[in-house]
Amino acid sequence: MEQGMIPPGVAGHNRSMVTPHFAVMPPDGILDSRLPGWSGARLFFQTSPQMGARFVQAMVAFEPGGRGEPARVDGISHFYYVVEHSCDIIIGTQRHTLTAGGYAYLPPGTAHRLESAFGARLTWIRKKFDDAGLGAPPVIVSHADQVAHRLRHTIGRSWQHLLPEEDLRYDFAVNILHFKPGTHFAMVETHIMEHGLLMLTGQGMYLLGRTWHEVWTGDFIWMGPYCPQQFYPTGWGDAAYLLYKDVNRDVDLG
Ligand code: UGY
Ligand code: MN
């Protein structure tokens, strides 16, 4: 491209949209942050309380040799999912290597750090843990390949629950939803739970409120409580996304 030129769409037709009820965050517009305790790492905050969410989700990009040790903050649970390449997570004295699709859930107070010898991209979710008198759930370190696909309602659509759905101690779920071309939810959903969505593969059209948004692999969406939502994959390939959802807790009446 000629020097000094920018591709069409960069300025006039940007897909980013932030509203009080939802946000569409393509990766190209999100500026990176550097944090104390992290080196060889850039963090791209996709949603946070600043946006209206009650959790934080960031994409972490490690260079080879990158490492990170999140600041110790009481009462915060962490979830990591490796999107690309691999990363070690050291929990106490135990080292686990997470390859793409590998993930870890850490209840509050779990000392841990991350090291990536060859570089990696991973999703990092944090939430203030709501105990609900049940106590904290255990650490989970696993891989999406180990998680069964469940069929829901329609042929061609499946769900993987990365955290045990039946254990009410977990106050959020992280699921992978898979769509064959031509499939969609049985209805436009409108629910109290909020979502952080990361497109893992494929592309599609996302309904948020009353507007449709074209989404691709790598895009992030925040859906606030009661945001009407529906998804249709487009193109000829499968689509899948990683979906955070707050679950298993009563309404906070203040
Ligand atoms: O579980 C869910 O709420 C899911 N069906 N929502 C979504 O994919 N937007
Ligand atoms: Mn939903």
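Computed from a predicted structure; not experimentally measured.

Caption draft 1: Examining the overall build of the protein chain more closely. Summing up its helical and strand segments, the protein chain has zero helices and 20 strands in all. Its C-alpha atoms give the protein chain a radius of gyration of 18 Å, near enough to 18 Å, the size a compact globule of 254 residues would have. A separation threshold of at least 6 residues defines the contact pool for the protein chain, and within that pool the share at least 24 residues apart is 67%. One way to put it: in the protein chain the 20 positive side-chain charges average out to a point 1 Å from where the 24 negative ones average out.

Caption draft 2: Summary view of the coordination of the manganese ion (ligand 2). Looking at the manganese ion (ligand 2), one finds its protein donor set to be Glu-189 (OE), His-191 (NE2), His-195 (NE2) and Gln-229 (OE1), positioned 2.2 to 2.3 Å from the metal centre. Around the manganese ion (ligand 2) sit six donor atoms, and with donor-metal-donor angles ranging over 77 to 175° the site reads as octahedral.

Caption draft 3: Main features of the sheet that holds strand β17 (residues 211-216). An order of β17-β16-β19 is seen for the three strands of this open sheet, with the pairing classed as antiparallel. Two strands close off the open sheet at either side, each with one partner strand: β17 and β19 (229-233). Neighbour-to-neighbour, the strand axes of the sheet open up by a mean angle of 25°, direction not taken into account. Where strand β16 (residues 203-208) meets β19, five bridges bridge the pair, whose relative direction is antiparallel.

Caption draft 4: Representation of the site of ligand 1. Looking at ligand 1, the residues that line it are Trp-159, Leu-177, Phe-185, Glu-189, His-191, His-195, Tyr-206, Gln-229, Tyr-241, Leu-243 and Lys-245. Taking Tyr-206, its side chain carries an N or O atom lying 2.8 Å from a nitrogen atom of ligand 1. Lys-245 places a polar side-chain atom, nitrogen or oxygen, 2.9 Å from an oxygen atom of ligand 1. Protein contacts shield 98% of the accessible area of ligand 1, which totals 270 Å² for the unbound molecule. The dominant element in the shell around ligand 1, judged by the number of residues it contributes, is strand β20 (residues 239-246), at three residues. Class assignment of the residues belonging to the shell around ligand 1 gives a composition of six nonpolar, three polar and two charged.

Caption draft 5: Focus on a nonpolar patch on the surface. Taken together, the side chains of Ile-192, Tyr-226, Val-251 and Leu-253 present a nonpolar region at the surface, about 460 Å² in accessible area. Taking relative accessible area as the criterion, Val-251 reaches 49% and is therefore assigned partly exposed.

Caption draft 6: Region of the structure containing the pairing of strand β9 (residues 112-116). The element β9 is largely enclosed, with a buried count of four among its five residues. Here three bridges tie strand β4 (residues 56-68) to β9, and the two strands are oriented antiparallel to one another. Bridge pairing links Gly-66 to Ser-116 in β9.

Caption draft 7: Representation of unusual backbone geometry within the structure. A positive phi angle, near 65°, is found at His-85, a position not held by glycine. Topologically, His-85 is positioned in strand β5 (residues 76-85). The residue Asn-248 is not glycine, and still its phi comes out positive at about 65°. Looking at the secondary structure, you find Asn-248 in the segment after β20.

Caption draft 8: Molecular detail of the packing of aromatic side chains. Under the definition given, this model contains 16 aromatic pairs. With centroids separated by 6.1 Å and ring planes inclined at 10°, the aromatic side chains of Tyr-80 and Trp-124 adopt a geometry described as stacked. In this pair, Tyr-80 sits in strand β5 while Trp-124 sits in strand β10 (residues 120-128), placing the two residues 44 residues apart along the sequence. Residue classification places Tyr-80 among the buried residues on the basis of a relative accessible area of 0%. On the accessibility criterion, Trp-124 (2% relative accessible area) is buried. Both rings, one in Phe-179 and one in Phe-231, keep their centres 4.8 Å apart while their planes meet at 70°; by these two values the pair is edge-to-face. On the criterion of sequence distance, the pair formed by Phe-179 in strand β14 (residues 172-179) and Phe-231 in strand β19 is long-range, its members being 52 residues apart. The same class applies to Phe-179 as to Phe-231, namely buried. Put simply, the rings of Phe-55, Phe-79, Tyr-103, Tyr-105, Tyr-170, Phe-172 and Tyr-244 touch in pairs and so form one group of aromatic residues. Sitting over the face of the ring of Trp-124, Arg-126 holds its NZ or CZ atom 3.9 Å from the ring centroid.

Conventions adopted
Residues numbered from 1 in each chain as written. Chains lettered and ligands numbered in written order. Predicted model: local features only at pLDDT ≥ 70, side-chain atom pairs only at ≥ 80, totals over all residues. Heavy atoms only, no water. Helix = DSSP H or I, 4+ residues; strand = E, 2+ residues; numbered from the N terminus. Rg over C-alpha atoms; globule rule 2.2 N^0.38 Å. Contact = heavy atoms within 4.5 Å. Lys, Arg positive; Asp, Glu negative; His and termini not counted. Charge placed at Lys NZ, Arg CZ, Asp CG, Glu CD. Donors = N, O, S within 2.8 Å, 3.2 Å for Na, K, Ca; no water. Tetrahedral: all angles 85-135°; square planar, octahedral: opposite > 155°, others 65-115°. Pairing = 2+ DSSP bridges. Axes fitted to C-alpha atoms, helices over the stretch in contact; angles between N-to-C directions. Near = heavy atom within 4 Å. Polar contact = N/O pair within 3.5 Å; in protein donor to acceptor, adjacent residues only side chain to side chain. Areas by Shrake-Rupley, 256 points an atom, 1.4 Å probe, with all protein chains shown as cover. Nonpolar A, V, L, I, M, F, W, Y, C, P; charged D, E, K, R; others polar. Patch = residues over 30% accessible without salt bridge, like charges linked within 9 Å, V, L, I, M, F, W, Y side chains within 5 Å. Salt bridge = Lys/Arg side-chain N within 4 Å of Asp/Glu carboxyl O. Buried < 20%, exposed > 50% of the residue type's maximum accessible area, 1.4 Å probe, protein only. Phe/Tyr/Trp six-rings, centres within 6.5 Å; stacked < 30°, edge-to-face > 60°. Lys NZ or Arg CZ within 6 Å of the ring centre and 35° of its normal.

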